[in-house]
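Examining the three-dimensional arrangement
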Amino acid sequence: MIKLFSVKQKQKEDNAKGRPVKKQSAGELRVQKDISELNLAKTTTISFPDGQDNLLSLEITIRPDEGHYQGGIFTFSFQISQVYPHEAPKVKCKTKVYHPNIDMEGNVCLNILREDWKPVLSINSIIYGLQYLFLDPNPDDPLNHEAAEVLRDNPRQFEQYVRRSMAGGYVGGHHFPRCIG
């Protein structure tokens with residue numbers, strides 16, 4: 001269980017000891033609220049690579065239990081600005097994956113991370129969107145055009161390429177590290 005109020009408690013303790021207290025930005029406060037309200041599926045976990053004192057940098061790991069990507073382990077980094085929620089988090093896939101909506105550099109094509117972002121959306125909304133990309137890849141809005149074309153034209157071949165890439169093989173001249181759990 002994530003102890004979200006540990007940041008506030010630490011600030012109170014530092015203040016009592018005469019140490020200067022770092023004021024939390026509106027973005028940090030909103031992220032703290034979003035994280036406290038997370039409703040993660042059993043296939044999804046959250047971690048804080050820079051420690052729980054830095055809530056603006058987090059990682060989400062998704063382990064799809066159905067669809068083309070079943071059995072895979074995919075990690076996404078979230079870099080959240082101080083002006084969040086007025087600016088969408090920067091989300092990258094750290095796991096190289098053969099997917100129409102994720103390119104070889106880890107950029108993610110998800111409408112709510114771009115033109116459809118609104119401050120009422122949350123970290124939870126993004127996680128749901130990422131989970132949905134693994135359940136139903138969208139060949140009509142691709143970053144990886146080759147994968148989108150194969151998915152549209154030959155879904156059976158697409159399934160084989162996904163399995164090969166997740167097993168640590170080559171697809172389209174690209175090597176994919178094994179990501180099956």
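As the structure is a prediction and not an experimental result, all values here were calculated from the model. (Residues numbered from 1 in each chain as written. Predicted model: local features only at pLDDT ≥ 70, side-chain atom pairs only at ≥ 80, totals over all residues. Heavy atoms only, no water.)

**Let's talk about the nonpolar core**
In terms of nonpolar packing, the biggest core is built from 44 residues, with Phe76, Phe78, Tyr98, Val108 and Leu130 touching the most fellow members. Looking at this core, the elements that each hand over two or more residues are α2 (26-36), β2 (57-62), β3 (74-79), β4 (90-93), α3 (123-135), α4 (145-153) and α5 (155-166). Among the elements that make up this core, the one with the highest residue count is α3 (6 residues). In contact with Phe76, not counting residues within four places along its chain, are Leu58, Glu59, Ile60, Ile62, Val91, Lys92, Cys93, Lys94, Ile102, Val108, Leu130 and Phe134. (Core = buried A, V, L, I, M, F, W, Y, C linked by side-chain atoms within 4.5 Å. Buried < 20%, exposed > 50% of the residue type's maximum accessible area, 1.4 Å probe, protein only. Helix = DSSP H or I, 4+ residues; strand = E, 2+ residues; numbered from the N terminus. Contact = heavy atoms within 4.5 Å.)

**Focus: the packing of aromatic side chains**
Summed over all chains, the structure comprises 8 aromatic pairs. Relative to Phe74, the ring of Tyr69 lies with its centre 5.9 Å away and its plane at 80 degrees, an arrangement referred to as edge-to-face. Each of the two residues, Tyr69 as well as Phe74, counts as buried. The ring of Phe176 carries the charged tip of Lys96 above its face, separated from the ring centre by 5.4 Å. (Phe/Tyr/Trp six-rings, centres within 6.5 Å; stacked < 30°, edge-to-face > 60°. Lys NZ or Arg CZ within 6 Å of the ring centre and 35° of its normal.)

**Examining the packing of α4 against α5**
Orientation of α4 relative to α5, taken along the N-to-C sense of each, is 135 degrees, at an axis distance of 5 Å. When the axis of α4 is compared with that of α5, the two are oblique. In this structure, α4 contributes Ala147, Val150, Leu151, Arg152 and Asp153 to the contact, and α5 contributes Pro155, Gln157, Phe158 and Tyr161. Of the residues assigned to the contact of α4 with α5, the class counts are 6 nonpolar, 1 polar and 2 charged. (Axes fitted to C-alpha atoms, helices over the stretch in contact; angles between N-to-C directions. Parallel < 35°, antiparallel > 145°, perpendicular 65-115°, else oblique. Nonpolar A, V, L, I, M, F, W, Y, C, P; charged D, E, K, R; others polar.)

As far as function goes, none of this settles anything; it's purely spatial.
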